[in-house]
Amino acid sequence: MSDQSMHSPVVSSALIPAMAPPADVWPGPVTWMKKNLFSTPSSGALTICFILLAVWLLQHFLSFAIFNAVWSGGRDSCRANGEGACWPFIAEKFDYLRYGAYPVSERWRVDLAEALAAILIVWFLWTKAPRRKVAALLFFLVYPVAAFVLVRGVAFLNLPVIDTTLWGGLLITLLMSIVGIVFSLPIGVILALGRRSELPFVKAVCVTFIEVVRGVPFITVLFMANFMMPLFVPDYLTPDRLLRPLIAIALFSSAYMAEVVRAGLQAIPKSQYEAANALGISYFSMMRLIVLPQALTIVIPSIVSTFIGLFKDTTLVAIVGIADFLRAVETARVDPSWAGPTISSTGYLFAGLVYWGFCFGMSRYSQSMERQLARGHKS
Amino acid sequence: MRSTFKGLLGLAIACTASSAWSATLDNVKKNGVLTCGTNSATAGFSLPDNEGKWTGFVVDYCRAVAAAVLGNAQKVKFIPLTPKDRFTALQSGEIDILAHNATWTSSRDTSLGILFAGTYFYDGQGFMVRKADNIASAKGLEGASICVTQGTTTELNLADYFRSQSIKYTTVGFADEEAVVKAYEEGRCDVLSADTSTLNASRLRMAKPDDSIVLPELISKEPLGPAVRQGDDQWFNVAKWTLYVMVASEEYGVTSKNVDAMKSSDNPSIRRLLGLEGSIGKDIGLGDDWPVEVIKQVGNYGEVFDRNVGKDSPLKMERGMNALWNKGGVQYAPPIR
């Protein structure tokens, strides 16, 4: 420590002139556009073309869906306006699209079951919520029973049994996808572990199941289950005609999920298994605490995209005479008392919006999950 | 090849089915509900209303069968079926009776292990043209361009008809009926051709329905009827005579409103129809009052027609061939005695 430095510190007496901000950090909107949209004349031209195209499409869409649409009235006001969507049609058919032929006086049961599902799913998926394990237990173990009792009905609880041929609309779509999602992940994990197992019998069973199910078109399975099965199986052994596609969809999505999970398992370095073995950690603890948490985190995008695919595949049940949401829209648009030039477009637009809403929600959630779980891997 | 396969399947099913399901009537009575396969959604024929309750022409036929067998027209479970799977569903026993817009043809009747029990609707392919074109008959369609749905018998029927009439024409094909209607409205063709039951529904969907008319000619025979499994004669009779009772009661003027008053009629035909004389119930395995239940709960043929597709419905179809035999149509019931 020298005296000199104590006495005459190196302090500037004038202000240092302001420096330009570093080129790549927080560019202003003009800079950003210059850099990303108009970097060369050809990219500038493309940008302008696509902006014009987007504006043109958006304008058509909005004028059909909102500005020129009919918001009140009945068939006649919709017929008078051939330019825009006919929303009163959706309003009148809304209950049919939600419940199908479910008896009107009992529809509160469906509402209640759906509300319960929504509460549990939010509780379980919202990472900051307290006691999420309780929510998971309730959702996977208690909720299916409660939903069955509510929606189908149990006579001695004073809830009349509602025949499944009366179920329809969004109820079917949600039921199918929730069953598919709830069953596919656990069964898929078991199948994936089985496929990598060193026990030859377990491995053979899992490989056969996965390959057979993945090798058969879903439509064929539905068709066999609903129209051919009564031919081979006596009446009293044939499950309900809604239960059959439910089982089919659960098995189907499990096989696909198994392959997704297997991809994640393969991404975990062998050294981790060996280290766990060396420490004397049992197989199940190793899988539960070390391998699966990492493997599942890696494959979240694929898991969610399988779920999204599954959600949209539920429309296939329409071919075996079960009126899911899309089928309900198609049925509603045929109604001669609403017949008009814009009815079909309105119906399909509404269906598209509903499906997009559900799928986009799932996709956004998976992205936020990825950000939270993958902090350690972030580059 | 395909027909061979279908034939084999039909045969196999007929062999197993004839013994396994020989007692559909008993099964339906035991279950207390009739399982009926219908169209998934066809305006006027089978369509759920806003509460999901099925309505329509073929739906009412199913309700009539339920009224006959179970005494209650509401005890029906409807299974909507696509044209592809409708016969399989019947063969396999998934449904008790098929009330679909299915055309009765020889190959279907003989090779699929099913039997058509009559014709509840005489349909046929027709033409719709713009009023402004002043065409009064299909003979005036020389050089016309015709919008049709691709891959259906519609195109084949057109080819047959116009070749036999030696009229030149061009077809403009589209994948589905929706697109066909749109193309016709946009003026991409002069004529729209489809089965008349569809034509009327299509016209309703147009922006200006009154600008078009349906020509009187039908160029194909499309008798639509209910079907049951082969080898169950009792159930076949139930299906057949339910329809005949509806037709006969229109002929004798018995309606859902006056059926009770008609019980005191002196007309022997009416008395036999209503089960007051003769044995309309016992031999078929039903109660003697089954025709009364059918008429009271569902109505006679004319009432069902008018309510669903005829003058009281949005479709406003003419009776045409579906009028009674003594009123210029071909609906005819054998005598009940």
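Residues numbered from 1 in each chain as written. Chains lettered and ligands numbered in written order. Predicted model: local features only at pLDDT ≥ 70, side-chain atom pairs only at ≥ 80, totals over all residues.

Brief notes about the overall build of chain B
Here is step 1 of the chain: On a plain count of helices and strands, chain B comes out with 13 helices and 14 strands.
Here is step 2 of the chain: A compact globule built from 337 residues would reach a C-alpha radius of gyration of about 20 Å, and chain B, at 21 Å, matches this within 12%.
Here is step 3 of the chain: Taking the principal axes of its C-alpha atoms as reference, chain B extends roughly 60 × 50 × 40 Å.
Here is step 4 of the chain: Residues classed as buried in chain B amount to 51% of the 337 residues present.
Here is step 5 of the chain: Taking the intrachain contacts of chain B between residues at least 6 apart in sequence as the baseline, contacts between residues at least 24 apart amount to 71%. (Helix = DSSP H or I, 4+ residues; strand = E, 2+ residues; numbered from the N terminus. Rg over C-alpha atoms; globule rule 2.2 N^0.38 Å. Buried ≥ 20, exposed ≤ 12 C-beta atoms within 10 Å, placed from the backbone. Contact = placed C-beta atoms within 7 Å.)

Overview of the overall build of chain A
Here is step 1 of the chain: Looking only at helices and strands, one finds 16 helices and zero strands in chain A.
Here is step 2 of the chain: The C-alpha radius of gyration of chain A comes to 28 Å, more than 25% above the 21 Å expected for a compact globule of 379 residues.
Here is step 3 of the chain: Principal-axis analysis of the C-alpha atoms gives chain A an extent of 100 × 70 × 45 Å.
Here is step 4 of the chain: Summarising the internal contacts of chain A: among those between residues at least 6 apart in sequence, 68% fall at separations of at least 24.

Examining the domain arrangement of chain A
Residue and element names in this part refer to chain A.
Here is step 1 of the chain: Entries for chain A in the domain assignment read domain 1 (75–102 + 152–377) and domain 2 (103–151).
Here is step 2 of the chain: Domain 1 and domain 2 are separated by 17 Å when their C-alpha centres are compared.
Here is step 3 of the chain: Contact residues are listed per partner, giving 15 residues for domain 1 and 13 residues for domain 2.
Here is step 4 of the chain: Among the elements of the structure, helix 8 (170–195) and helix 16 (343–373) are those that each provide at least two residues to the side of domain 1 that touches domain 2.
Here is step 5 of the chain: By residue number, the principal contributor to the side of domain 1 that touches domain 2 is helix 8, which donates four residues.
Here is step 6 of the chain: Split by residue class, the side of domain 1 that touches domain 2 holds 13 nonpolar, one polar and one charged. (Domains from an automatic or database assignment. Nonpolar A, V, L, I, M, F, W, Y, C, P; charged D, E, K, R; others polar.)

Points about the sheet that holds strand 11 (residues 191–195) of chain B
Residues and elements named next belong to chain B.
Here is step 1 of the chain: Read across the open sheet, the five strands follow the order 10-9-11-8-12; overall the sheet is mixed. The two strands at the open ends of the sheet, each matched to only one other strand, are strand 10 (169–174) and strand 12 (212–214). Pairwise comparison of adjacent strand axes, ignoring direction, gives a mean angle of 30 degrees for this sheet.
Here is step 2 of the chain: As judged from the five bridges shared by strand 8 (residues 125–130) and strand 11, these two strands associate in the antiparallel manner. Note on strand 11: the bridge partner recorded for Gln-125 is Asp-195.
Here is step 3 of the chain: Of the strands in this sheet, strand 8, strand 11 and strand 12 are in contact with helix 8 (residues 196–205), which crosses strand 11 at around 130 degrees. (Pairing = 2+ DSSP bridges. Axes fitted to C-alpha atoms, helices over the stretch in contact; angles between N-to-C directions.)

A word on unusual backbone geometry
Here is step 1 of the chain: Phi is positive for A:Asn158, close to 70 degrees, though the residue is something other than glycine.
Here is step 2 of the chain: Secondary-structure assignment places A:Asn158 in the loop between helix 7 (132–152) and helix 8.
Here is step 3 of the chain: The exposure class of A:Asn158 is exposed, given the 7 C-beta atoms found within 10 Å.
Here is step 4 of the chain: Unlike most non-glycine residues, B:Ser166 shows phi in positive territory, near 40 degrees.
Here is step 5 of the chain: Relative to the helices and strands, B:Ser166 is located in the loop between helix 6 (153–164) and strand 10.
Here is step 6 of the chain: A tally of 7 C-beta atoms within 10 Å means that B:Ser166 is categorised as exposed.

Quick word on the interface of chain B and chain A
Here is step 1 of the chain: With 31 residues of chain B at the contact, the number on the chain A side is 32 residues.
Here is step 2 of the chain: If you list the elements that add at least two residues to the side of chain B that touches chain A, you get strand 2 (47–48), strand 4 (76–81), helix 4 (86–92) and helix 8 of chain B.
Here is step 3 of the chain: Top element by residues in the side of chain B that touches chain A is strand 4 of chain B. It accounts for five residues.
Here is step 4 of the chain: Of the residues belonging to the side of chain B that touches chain A, the class tally is 15 nonpolar, nine polar and seven charged.

Digging into helix 3 (residues 41–67) of chain A
Here is step 1 of the chain: The end-to-end C-alpha separation of helix 3 of chain A is 36 Å, in line with the 39 Å expected for 27 residues at 1.5 Å each.
Here is step 2 of the chain: Taking burial as the measure, the 27 residues of helix 3 of chain A include zero buried ones, a minor fraction of the element. (Expected span 1.5 Å × (residues − 1).)

With respect to the domain arrangement of chain B
Residues and elements named next belong to chain B.
Here is step 1 of the chain: By domain assignment, chain B separates into domain 1 (2–122 + 223–327) and domain 2 (125–220).
Here is step 2 of the chain: For domain 1 and domain 2, the distance between their C-alpha centroids amounts to 31 Å.
Here is step 3 of the chain: At the junction of the two partners, domain 1 supplies seven residues and domain 2 supplies four residues.
Here is step 4 of the chain: Split into classes, the residues belonging to the side of domain 1 that touches domain 2 amount to five nonpolar, two polar and no charged.

Some points on the pairing of strand 8 of chain B
Residue and element names in this part refer to chain B.
Here is step 1 of the chain: Counting buried positions along strand 8 gives five out of six residues, so the element sits mostly inside the fold.
Here is step 2 of the chain: Where strand 8 meets strand 12, three bridges bridge the pair, whose relative direction is antiparallel. Pairing of Val-129 across the sheet is with Ile-213, part of strand 12.

Side note on the nonpolar core
Here is step 1 of the chain: Grouped together as the largest cluster of nonpolar side chains are 151 residues, with contacts concentrated most on B:Leu34, B:Cys62, B:Val65 and B:Ile97.
Here is step 2 of the chain: Setting aside chain neighbours within four positions, we find B:Ile97 in contact with B:Leu34, B:Cys36, B:Cys62, B:Val65, B:Pro226, B:Val228 and B:Ala239. (Core = buried A, V, L, I, M, F, W, Y, C linked by C-beta atoms within 7 Å.)

Quick word on the packing of helix 8 of chain A against helix 14 (residues 300–313) of chain A
All names here are of chain A.
Here is step 1 of the chain: Following both chains from N to C, one finds helix 8 and helix 14 inclined at 150 degrees, their axes separated by 9 Å at the closest point. By the angle class used here, helix 8 and helix 14 are roughly antiparallel. Helix 8 and helix 14 meet at a crossing whose hand is right-handed. Here Ser-177, Gly-180 and Ile-181 of helix 8 lie close against helix 14, whose contacting residues are Phe-307, Leu-310 and Phe-311.
Here is step 2 of the chain: Looking at the contact of helix 8 with helix 14, its residues break down into four nonpolar, two polar and no charged. (Parallel < 35°, antiparallel > 145°, perpendicular 65-115°, else oblique. Left-handed = near helix turned anticlockwise from the far one by under 90°.)

Looking at the packing of helix 11 (residues 243–267) of chain A against helix 13 (residues 283–298) of chain A
All names here are of chain A.
Here is step 1 of the chain: Axis separation between helix 11 and helix 13 bottoms out at 8 Å; the angle between their running directions is 115 degrees. With respect to the hand of their crossing, helix 11 and helix 13 are arranged in right-handed fashion. Contact residues: Val-261, Gly-264, Leu-265 and Ala-267 in helix 11; Val-291, Ala-295, Leu-296 and Ile-298 in helix 13.

So, the confidence of the model for chain B
Low pLDDT marks stretches whose predicted atomic positions should not be read closely.
Residue and element names in this part refer to chain B.
Here is step 1 of the chain: Taken over all residues, the pLDDT of chain B has a mean of 88, while the share at 70 or more is 93%.
Here is step 2 of the chain: Confidence drops under pLDDT 50 across residues 13–21; counting only partners more than four residues distant or on other chains, this segment forms 15 contacts.
Here is step 3 of the chain: Scoring the predicted complex yields pTM 0.83 and, for the interface, ipTM 0.80. (pLDDT = per-residue confidence, 0-100.)

A short note on the environment of B:Thr55
Here is step 1 of the chain: The residue B:Thr55 is located in strand 3 (residues 54–55) in this model.
Here is step 2 of the chain: Not counting residues up to four positions away in its chain, the partners in contact with B:Thr55 are B:Leu47 and B:Asp49.

Brief notes about helix 3 (residues 57–70) of chain B
All names here are of chain B.
Here is step 1 of the chain: In a regular helix each residue adds 1.5 Å, so 14 residues correspond to 20 Å; helix 3 covers 20 Å between its end C-alpha atoms and thus fits that length.
Here is step 2 of the chain: For helix 3, the buried fraction is high: 14 of the 14 residues fall into the buried class.
Here is step 3 of the chain: Note on helix 3: the residue one or two positions beyond its end, Gly-71, has a positive phi of about 75 degrees.

Observations concerning the environment of A:Ala328
All names here are of chain A.
Here is step 1 of the chain: The residue Ala-328 is located in helix 15 (residues 325–334) in this model.
Here is step 2 of the chain: Spatially, the C-alpha atom of Ala-328 lies 21 Å from that of Asp-240, the residues being 88 residues apart in sequence.
Here is step 3 of the chain: Once you skip the residues sitting within four places of it in the chain, Ala-328 turns out to touch Tyr-96, Leu-97, Gly-100, Gly-168, Gly-169 and Ala-323.

Some words on the pairing of strand 10 of chain B
Put simply, side chains in a regular strand alternate between the two faces of the sheet.
Residues and elements named next belong to chain B.
Here is step 1 of the chain: Two elements, strand 9 (residues 144–149) and strand 10, share six bridges in a ladder whose sense is parallel. From the neighbouring strand, Ser-145 faces strand 10, where its bridge partner is Thr-170.
Here is step 2 of the chain: Handedness of the strand 9-helix 6-strand 10 crossover: right-handed. (Right-handed = clockwise from strand over helix to strand, strands pointing away.)

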